[in-house]
Amino acid sequence: TGPLAFGAKVEERVKLNRRLRLNMTAGAIGGKAADGKTNQYLKGANVQFMVKGNKKKGEPTKLQVIGTAMHWKKDIALGGDIQAIQMVGPDSALTARANLNSRGSGSIQVRLTSTDTIKYALVGVIPTVSAIWGFLTGAQE
């Protein structure tokens, strides 16, 4: 027989008030390798708080704080994530996100999304063309 995997997930969403939500998730997955002898199991959990901001006071449109835990092969990995979304116009949103895990790796991301793409497309074209030109002419070593 071939490899086999099975799993289950439980999720609970709680609306604490008009602006605050709590999502909790826990799950497990198990599997057997193609050799029929190797068994592996993974367990994980996730807790997420979401706060909707007050547009009149200039608060972020949405703020999320997320914590995760995973157990696999006698090893535990923990992670944290924070994300803020701010509307910067009727058609545009600025998203800032940072995460870090127990292994010391993480990232910081800033993203601008818009349905009014022509305006913002030029912002990305100039540095891209400049970098390509520098690469082709050998200016960037």
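Anyway, here's the lowdown on the structure attached to this text. (Residues numbered from 1 in each chain as written. Predicted model: local features only at pLDDT ≥ 70, side-chain atom pairs only at ≥ 80, totals over all residues. Heavy atoms only, no water.)

A few words on the sheet that holds strand β4 (residues 62-72). In a beta sheet, neighbouring strands are held together by backbone hydrogen bonds and run either parallel or antiparallel to one another. What the seven strands build is an open sheet, ordered β1-β2-β3-β4-β5-β6-β7; its pairing is antiparallel. Two strands bound the open sheet, and with one partner strand each, they are β1 (4-15) and β7 (106-114). Strand-to-strand twist of the sheet, defined as the mean angle between neighbouring strand axes without regard to direction, takes the value 10 degrees. Alignment of strand β2 (residues 20-32) against strand β3 (residues 39-52), held across 13 bridges, turns out to be antiparallel. Each bridged residue has a counterpart across the sheet, and for Leu20 the counterpart in β3 is Val51. (Pairing = 2+ DSSP bridges. Helix = DSSP H or I, 4+ residues; strand = E, 2+ residues; numbered from the N terminus. Axes fitted to C-alpha atoms, helices over the stretch in contact; angles between N-to-C directions.)

We now examine the pairing of strand β5 (residues 75-87). Judged from the 11 bridges that link them, β4 and β5 form a sheet pairing that is antiparallel. In the sheet register, Thr68 faces β5, and the bridge partner there is Gly79. Joining the antiparallel neighbours β4 and β5 is a turn of two residues, in which Lys73 adopts a positive phi near 50 degrees. In terms of strand pairing, β5 meets strand β6 (residues 92-101) through nine bridges, oriented antiparallel. Paired with Gln83 across the strands is Arg97, a residue of β6. Taking the residues that link successive antiparallel strands as the turn, the β5-β6 hairpin has four residues.

The side chains of a regular strand alternate, first on one face of the sheet and then on the other. Two elements, β6 and β7, share nine bridges in a ladder whose sense is antiparallel. Considered in β7, the bridge of Arg97 is made with Gln109. The hairpin turn running from β6 into β7, its antiparallel successor, is four residues long, and Gly104 in that turn takes a positive phi close to 90 degrees.

What follows covers the pattern of salt bridges. Pairs can form between side chains of opposite charge once their charged atoms are near each other. Throughout the structure, instances matching the rule amount to four salt bridges. In this structure, Asp75 engages Arg103 in a salt bridge whose closest nitrogen and oxygen atoms are separated by 2.6 Å. Placement of Asp75 in strand β5 and of Arg103 in the loop between β6 and β7 is noted, with a sequence separation of 28 residues between them. The residue Arg97 makes a salt bridge to Asp81 at a minimum N-O spacing of 2.9 Å. Remark: Asp81 occurs in strand β5 and Arg97 occurs in strand β6; sequence separation between them is 16 residues. (Salt bridge = Lys/Arg side-chain N within 4 Å of Asp/Glu carboxyl O.)

A negative phi angle is the norm for most residues apart from glycine, just as the trans form is the norm for most peptide bonds. Here Lys73, not a glycine, exhibits a phi torsion of approximately 50 degrees, which is positive. With respect to the element layout, Lys73 can be found in the loop between β4 and β5. We note that Lys74 has phi near 60 degrees; this positive angle belongs to a residue other than glycine. With respect to the helices and strands, Lys74 occurs in the loop between β4 and β5.

As a further point, take the side chain of Gln83. With respect to the helices, strands and loops of the structure, Gln83 is situated in strand β5. The exposure class assigned to Gln83 is buried, which follows from its relative accessible area of 14%. Each residue touching Gln83, except ones within four places of it in the same chain, is listed here: Lys62, Leu63, Gln64, Thr95, Ala96 and Arg97. (Buried < 20%, exposed > 50% of the residue type's maximum accessible area, 1.4 Å probe, protein only. Contact = heavy atoms within 4.5 Å.)

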